[in-house]
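Tertiary structure, described
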Amino acid sequence: MTAFVALLRAVNVGGTGKLPMSELKAMCEALGFEAVRTYIASGNVVFTSRKSESAVKKALEARLEAYAGKAVGVMLRTAAEMQAVLNNNPFPKAPGNRTVAIFLDAKPPADTLAAVKGRKDEEIGLGAREIYVHYGDGIGQSKLVIPAAKAGTARNMNTIATLAKMVTEL
């Protein structure tokens, strides 16, 4: 049994992609996932499954597309991978609510940093399948554009810490 964190892209953000977390939990249980728990209404769910990562991703994305009528991106991490995202934060002294990891399906492209636009005081670091950003003045004032992050989904370090703890408790 593998413990997973699933991070849904563009769910319950800005009035689009409404998905009650109770519905997400029910979907995961219907797919045969066990010990399912959600965290805050932004598409975070932890669970265990005997299926491979690719099978879990495929099944969950298909179920979400059937529900939403459009593709919903899902980024998966195992418990160890989620802990590594937290441990490898290149900005550990920065406030957790001003530092995010943008989760991707694959390693960030080699030109990720060169392609960044609108950078002011933000610090950017690359992870295994993540892009880390510390927003010095806060995300609300930022004009930062990271083309490589377009298909990813971001979570702040406070949320990542909570999810890492939740998934290790399964």
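So, here is what we can say about the structure in this document. Everything numeric in this text was worked out from a predicted model, so none of it was measured.

Conventions we followed
- Residues numbered from 1 in each chain as written.
- Predicted model: local features only at pLDDT ≥ 70, side-chain atom pairs only at ≥ 80, totals over all residues.
- Heavy atoms only, no water.
- Pairing = 2+ DSSP bridges.
- Helix = DSSP H or I, 4+ residues; strand = E, 2+ residues; numbered from the N terminus.
- Axes fitted to C-alpha atoms, helices over the stretch in contact; angles between N-to-C directions.
- Parallel < 35°, antiparallel > 145°, perpendicular 65-115°, else oblique.
- Left-handed = near helix turned anticlockwise from the far one by under 90°.
- Contact = heavy atoms within 4.5 Å.
- 1 Å grid on protein atoms, 1.4 Å probe; cavity = no way out; pocket = protein on both sides within 12 Å on 5 of 7 lines; lining within 4 Å.
- Points joined across faces, edges and corners; volume = space filled by probe spheres on them.
- Nonpolar A, V, L, I, M, F, W, Y, C, P; charged D, E, K, R; others polar.
- Salt bridge = Lys/Arg side-chain N within 4 Å of Asp/Glu carboxyl O.
- Buried < 20%, exposed > 50% of the residue type's maximum accessible area, 1.4 Å probe, protein only.

1. Brief notes about the pairing of strand 2 (residues 34-39)
Sheet analysis places strand 2 next to strand 3 (residues 44-49), joined by four bridges and oriented antiparallel. Its bridge partner lying in strand 3, Arg37 is registered against Val46. Adjacent in sequence and paired antiparallel, strand 2 and strand 3 are bridged by four residues, among which Ile40 carries a positive phi angle near 40°.

2. Structural notes on the packing of helix 3 (residues 79-87) against helix 4 (residues 157-168)
Two numbers describe how helix 3 lies on helix 4: the axes approach to 9 Å, and their chain directions differ by 150°. The angle between helix 3 and helix 4 places the two elements in the roughly antiparallel class. Relative to helix 4, the crossing made by helix 3 is left-handed. The segment helix 3 lies against helix 4, with Ala79, Met82, Gln83, Val85 and Leu86 engaging Met157, Ile160, Ala161, Leu163, Ala164, Val167 and Thr168.

3. Side note on the environment of Ala114
Inspection of the secondary structure assignment puts Ala114 in the loop between strand 5 (99-103) and strand 6 (123-126). The spacing of Ala114 and Pro92 is 22 residues in sequence and 24 Å in space, taken between C-alpha atoms.

4. Examining the layout of surface pockets
In this approach the atoms are scanned with a rolling probe the size of a water molecule, which exposes any empty space left behind. Put simply, the largest pocket is a space of about 570 Å³. If you trace the largest pocket, you find 21 residues lining it, with Ile102, Ile139, Thr153, Ala154 and Arg155 closest to the centre. Among the secondary structure elements, those contributing two or more residues to the lining of the largest pocket are strand 5 and strand 8 (153-156). Per-element tally for the lining of the largest pocket: the top contributor is strand 8, with four residues. For the lining of the largest pocket, the residue count by class is 13 nonpolar, five polar and three charged.

5. Here we look at the pattern of salt bridges
Considering all chains together, one arrives at nine salt bridges under this definition. Between Lys120 and Asp137 there is a salt bridge, with the nearest N and O atoms lying 3.2 Å from each other. Of this pair, Lys120 sits in the loop between strand 5 and strand 6 while Asp137 sits in the loop between strand 7 (130-134) and strand 8, placing them 17 residues apart in sequence. Residue class for Lys120 comes out exposed when judged on its relative accessible area of 57%. Taking the relative accessible area as the measure of exposure, Asp137 reaches 41% and is therefore partly exposed. Here the salt bridges do not stand alone but share partners, grouping Arg37, Lys165 and Glu169 into one network.

6. Section: the pairing of strand 5
In the case of a regular strand, side chains alternate between the two sheet surfaces. The buried fraction of strand 5 amounts to five of the five residues, a majority that puts the element mostly inside the structure. Burial of the side chains of strand 5 extends over both faces: Thr99, Ala101 and Phe103 are buried on one face and Val100 and Ile102 on the other. Bridging between strand 5 and strand 7 involves five bridges; their strand directions are antiparallel. Among the inter-strand pairings, Thr99 is bridged to a residue of strand 7, identified as His134. With four bridges joining them, strand 5 and strand 8 adopt antiparallel strand pairing. In the strand pairing of strand 8, Val100 is matched with Asn156.

7. Looking at the packing of helix 1 (residues 21-30) against helix 2 (residues 53-68)
Orientation of helix 1 relative to helix 2, taken along the N-to-C sense of each, is 130°, at an axis distance of 10 Å. When the axis of helix 1 is compared with that of helix 2, the two are oblique. Helix 1 and helix 2 meet at a crossing whose hand is right-handed. Counted together, Glu23, Leu24, Met27 and Cys28 of helix 1 and Leu60, Arg63, Leu64 and Tyr67 of helix 2 form the full contact between these two elements.

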